[in-house]
Each structure stands twice: as structure tokens, then as C-alpha cells.
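# Chain and residue survey
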Amino acid sequence: MQISDFADFLAASPSAFHAAENVRDELVAAGFREDTGTEPGGHVLLQGGAVIAWWIPERPNAAMRIIGSHTDSPGLMLKPDPDVVREGFRQLAVEVYGGPILSSWFDRELRFAGRVALIDGTTHTLSTPPIARVPNLAIHLYRGDVPEIDRQVHMQPVMGVDRPLLEIVAEQLRADGVTGPDGAPVQSGDIVSHELISTDSQLPEVLGDTLAAGRMDNLSSVHASLKAMLAAAATGAGGADWPRDVLVLAAFNHEEVGSASTTGAGGPLLERVLSKIAAALGDPLEVYANSLLVSADAAHAVHPNYPGKHDPTHRPLMNRGPVLKINANQRYASDAATEAAWIRACRAANVPVQTFVGHNAVPCGSTIGPISATRLGIPTVDVGVPLLSMHSARELVGIQDQVWFTEALTAYFAGS
């Protein structure tokens with residue numbers, strides 16, 4: 001895996017909807033069928049900002065190997081009526097989505113990306129040019145170390161152009177070749193609803209042996225699982241050198257806000273797909289018991305300026321290998337048996353393994369792992385690449401970690 005391919009994927013995926021469509025498009029280009037079939041070969045299903053793909057070999061085993069991740073990231077979501085004029089500035093009304101590091105969104109040239117719906121019911125994915133910025137307050141006006149940030153008052157971006165937001169969106173749709181309900185060029189009045197979130201317009205940047213970019217939580221996992229699935233399809237998963245387990249990729253939306261949606265891990269989407277596959281394989285109870293879910297989500301690298309935030313004996317470092325995540329209170333779904341399965345896959349790929357266990361006095365995040373494990377009853381392990389600045393507008397990942405993670409997921413799909 002070339003890091004440039006990952007950087008290109010990040011640049012082309014400014015929203016959950018873009019990421020899901022890009023996964024779908026790459027799989028379809030590789031021969032996957034956009035359907036819900038259970039015959040041998042590749043299948044892919046796109047629903048909103050989520051995508052599920054599965055590969056069924058000839059004479060499949062009664063078992064599935066699943067990788068779950070998520071396509072969304074924290075940011076600033078446009079409210080339904082976004083245009084505001086204040087103190088002579090045109091601004092955008094936004095709602096904070098998820099748990100972003102708010103200070104990281106200041107003084108960045110922002111685009112807004114996602115999907116819009118027209119009056120005829122069609123939906124369209126788009127990304128605007130850079131149009132807005134959340135300006136910092138000059139230090140002369142507060143004279144403190146850090147000014148307090150009010151999510152409602154201080155996070156509303158200032159637009160760089162004096163035009164209503166939907167006029168800019170309609171212009172972008174026209175540039176993308178979208179027409180209105182009557183076949184004429186689409187107008188702002190044709191747009192009746194939208195899901196558009198802020199995204200930093202700066203492209204991913206290689207810094208030595210690291211990559212700086214937005215949305216690597218969790219597109220690092222989406223991209224790695226996509227490459228693992230493509231490798232399986234290209235080499236004929238289920239053939240003489242592969243196990244005959246069904247391979248499944250699931251990239252959900254809305255993980256950052258709890259996963260409780262039609263396209264989130266707490267919703268019915270994956271369960272319905274797996275139930276159909278399991279029924280075709282035989283006894284669903286046997287299939288689920290024989291299966292394994294890898295919950296792939298970014299992990300915390302030790303921060304050199306805040307080393308005390310990590311456990312003294314479990315200290316993941318960047319470019320030292322992907323991370324196995326463990327929590328006694330089930331914030332992660334790993335257990336002894338699933339941890340061993342992940343370590344086997346890493347050893348088969350000659351990839352080092354690091355372990356993250358939270359500091360007892362520091363809050364611990366969670367993932368889709370416990371949600372999916374609870375809903376499906378499938379043994380699950382939580383893993384991911386170590387990041388710095390998680391939930392910032394710009395995060396940092398080790399290049400070698402991303403390469404290793406892709407290789408480990410490929411080995412997992414290969415039956416290791």
C-alpha cells in the first residue's frame with residue numbers, strides 16, 4: 001500500500017457520504033456487483049454515508065470474517081437555515097457534530113461537504129470550494145492563556161463571499177452536471193434539505209515519516225479495510241490458498257454521535273445483511289458463533305507533551321505497529337480469544353503489535369466494537385492505528401503504521 005493512495009482517498013472523502021461512495025466505486029471497479037445477492041463473488045450495498053461489502057467464495061464455510069469501521073468525523077454541521085448576518089458579516093449557523101477539538105477549527109479555510117436533497121427527492125453528494133473561516137479573537141482583546149469557547153456563540157464561521165450558502169451549493173451542483181427537477185440548471189430554490197459538514201481545505205501533507213490530514217479518525221480504518229477487501233478479491237478469496245470464509249466490510253456513519261441511526265452500527269443495516277448471508281450458509285447460530293468481527297478504529301498514541309495521560313505500562317508509539325485496544329469495563333470488545341486471533345493475523349503479516357489500556361484516572365473512549373458485539377453476538381476485537389491530535393481538524397498518523405495495519409487486515413481476511 002502506497003501512502004499516496006491513502007492521501008488521495010482522504011482528499012476525495014471530505015464527508016461520510018463521499019467516503020462511502022468512494023469505497024463503493026472502488027469495489028464496483030474491481031468487479032463487485034451493487035446488489036444484495038448471496039451467490040459467489042463480490043457484492044456491495046451503499047446506504048447514505050454507510051457502505052457494506054461482502055465476498056462469498058465458492059463452497060463457503062459457515063463462518064464470516066468481518067471488518068467494521070466508520071466514515072464520519074467530528075466537525076461543524078450546517079443548520080437547516082444557515083445564513084446569518086451579524087455586525088456586517090455574512091456568517092453560517094452551525095451545530096457542533098460529535099466531539100471535535102474546537103480550537104483546532106479556528107483560522108482554517110473551510111469547505112462544506114456532504115449531500116443535498118432536491119424537491120424531486122433526488123440526493124446529490126458535493127463539496128463546496130473554501131468559503132468560510134472561524135476567526136480567532138485577537139490576543140489583545142482577552143490577554144489570557146486560552147479564551148473560553150462558547151459552542152453557540154464563538155463557532156459560527158464567517159463567510160468569505162457575500163452570497164447565500166445555498167446559491168453557492170447550487171452553483172457547485174451545476175458545475176457537477178446536476179440539473180433541476182424540470183431538467184433546467186439547478187437553482188438554490190430546488191434545494192430543500194442538506195447534510196453538509198465542515199472540512200479543512202488543506203490537503204494531506206507528508207511530514208517525514210508521518211502524515212498530517214483531517215478525518216483519519218476513522219478513514220485510516222476505512223481505507224485499510226477497503227485495501228484488504230480488494231486484495232482478497234484480486235487473489236480469489238476462497239481459492240486453494242485462501243480459507244472459504246465469507247469476507248465482510250462494514251463502514252458505518254454516525255459513530256461520533258453514538259451510532260444510533262439507520263446507517264450507524266447500532267442500527268439494523270449490518271444485522272440484516274449478515275442474517276441473509278448466514279441463512280444462505282446454513283444454521284445462522286452456527287455461522288455467528290464461528291465468525292469474528294474486527295472493530296477497526298483509531299487509537300491514541302502517547303503524546304510526548306502529555307505522557308502522564310497514558311498507562312505506565314501500555315504506551316503505544318507512532319510507527320511501532322497497529323494497536324490492540326483492551327478495556328476491562330467493555331469500552332472495547334476485545335477478549336482473550338479475539339485478542340489471540342488478531343495477534344495471529346499480525347504475526348502472519350510480520351507486523352508488530354502494540355497494546356492500549358487506559359489510565360485508570362483518565363476517561364476512555366469507545367468504538368463500534370461493543371455496539372456491534374452486543375447487537376450481533378459475534379466475537380469482536382478492537383484495533384487501530386495510533387494517532388496524535390485525535391478529533392482535531394488535522395490529525396497525525398505514522399506512515400509505517402498505516403502500511404502495517406493494511407497488511408494485518410489483509411492477513412486477517414486471508415485466514416491467518
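See the structure shown above.
Criteria and cut-off values
- Residues numbered from 1 in each chain as written.
- Predicted model: local features only at pLDDT ≥ 70, side-chain atom pairs only at ≥ 80, totals over all residues.
- Heavy atoms only, no water.
- Salt bridge = Lys/Arg side-chain N within 4 Å of Asp/Glu carboxyl O.
- Helix = DSSP H or I, 4+ residues; strand = E, 2+ residues; numbered from the N terminus.
- Buried < 20%, exposed > 50% of the residue type's maximum accessible area, 1.4 Å probe, protein only.
- Expected span 1.5 Å × (residues − 1).
- Arc of directions from axis to C-beta.
- Contact = heavy atoms within 4.5 Å.
- Pairing = 2+ DSSP bridges.
- 1 Å grid on protein atoms, 1.4 Å probe; cavity = no way out; pocket = protein on both sides within 12 Å on 5 of 7 lines; lining within 4 Å.
- Points joined across faces, edges and corners; volume = space filled by probe spheres on them.
- Nonpolar A, V, L, I, M, F, W, Y, C, P; charged D, E, K, R; others polar.
- Axes fitted to C-alpha atoms, helices over the stretch in contact; angles between N-to-C directions.
- Parallel < 35°, antiparallel > 145°, perpendicular 65-115°, else oblique.
- Left-handed = near helix turned anticlockwise from the far one by under 90°.
- Polar contact = N/O pair within 3.5 Å; in protein donor to acceptor, adjacent residues only side chain to side chain.

### Regarding the pattern of salt bridges
For the structure on display, the rule yields 17 salt bridges. Put simply, Glu109 and Arg133 hold a salt bridge, and the shortest N to O gap is 2.3 Å. Of this pair, Glu109 sits in the loop between β5 (89–97) and β6 (110–118) while Arg133 sits in strand β8 (residues 132–133); the two residues are 24 residues apart in sequence, bridging distant segments of the chain. Between Glu167 and Arg163 there is a salt bridge whose closest N-O contact spans 3.9 Å. Taking the relative accessible area as the measure of exposure, Arg163 reaches 28% and is therefore partly exposed.

### A look at helix α5 (residues 269–281)
Over its 13 residues, α5 runs 19 Å from end to end, which matches the ideal 18 Å to within 8%, given 1.5 Å per residue. By the burial criterion, the buried members of α5 are Leu269, Leu270, Val273, Leu274, Ile277, Ala278 and Leu281. Projected down its long axis, α5 carries its buried residues within an arc of 150°, all on one side. Exposed side of α5, more than 90 degrees from the buried face: Arg272 and Ala279 are the residues found there. Its buried side turned inward, α5 meets β1 (41–47), β2 (50–56), β3 (64–70), β13 (246–252), α6 (284–290) and α8 (368–376). Where α5 terminates, the next one or two residues include Gly282, which has phi positive at roughly 140°.

### Overview of the pairing of strand β20 (residues 395–398)
In this structure, strand β12 (residues 210–213) lies alongside β20, joined through four bridges in antiparallel fashion. Along β20, the bridge assignment pairs Thr210 with Gly398. Where strand β19 (residues 386–388) meets β20, two bridges bridge the pair, whose relative direction is antiparallel. Its bridge partner lying in β20, Leu388 is registered against Leu396.

### Let's talk about empty space enclosed by the protein
Applying the stated rule across the entire model yields one cavity of 30 Å³ or more. Volume-wise, the largest cavity comes out at about 30 Å³. Taken together, Ala265, Gly267, Leu270, Glu271, Ser372, Arg375 and Leu376 form the lining of the largest cavity. For the lining of the largest cavity, the secondary-structure elements that each account for two or more residues are α5 and α8. The greatest single-element share of the lining of the largest cavity, amounting to three residues, is contributed by α8. Tallied by class, residues from the lining of the largest cavity come to three nonpolar, two polar and two charged.

### Comments concerning helix α2 (residues 16–29)
Compared with an ideal rise of 1.5 Å per residue, which puts 14 residues at 20 Å, α2 spans 20 Å between its outermost C-alpha atoms and is within 8% of the ideal. Residues of α2 that are buried include every one of Ala16, Phe17, His18, Ala19, Ala20, Asn22, Val23, Arg24 and Leu27, and no others. Directly beyond the C-terminal end of α2, a positive phi value near 105° is found at Gly31.

### Here's the deal with the packing of helix α1 (residues 3–11) against helix α4 (residues 216–234)
Look at α1 against α4: their axes get within 10 Å of each other, and the N-to-C directions meet at 125°. Our classification of the angle between α1 and α4 gives oblique. Seen along the crossing, α1 lies across α4 with a hand that is right-handed. Seen from α1, the contacting residues are Asp5, Phe6, Phe9 and Leu10; seen from α4, they are Met216, Leu219, Ser220, Val222, His223, Leu226 and Lys227.

### A closer look at the side chain of Asp245
Here Asp245 shows up in the loop between α4 and β13. There is a polar contact of 3.0 Å between the side chain of Asp245 and the side chain of Asn61. Of note is the side chain of Asp245, whose polar atom sits 2.8 Å from the side chain of Arg65.

### Observations concerning the sheet that holds β13
One open sheet holds the eight strands; their spatial order is β1-β2-β13-β3-β14-β18-β16-β17, and the pairing between them is mixed. A strand with exactly one partner marks an edge of an open sheet, and here the two such strands are β1 and β17 (354–357). Across the sheet, the mean angle from the axis of one strand to that of its neighbour is 20°, orientation sign disregarded. As judged from the three bridges shared by strand β16 (residues 323–326) and strand β18 (residues 380–384), these two strands associate in the antiparallel manner.

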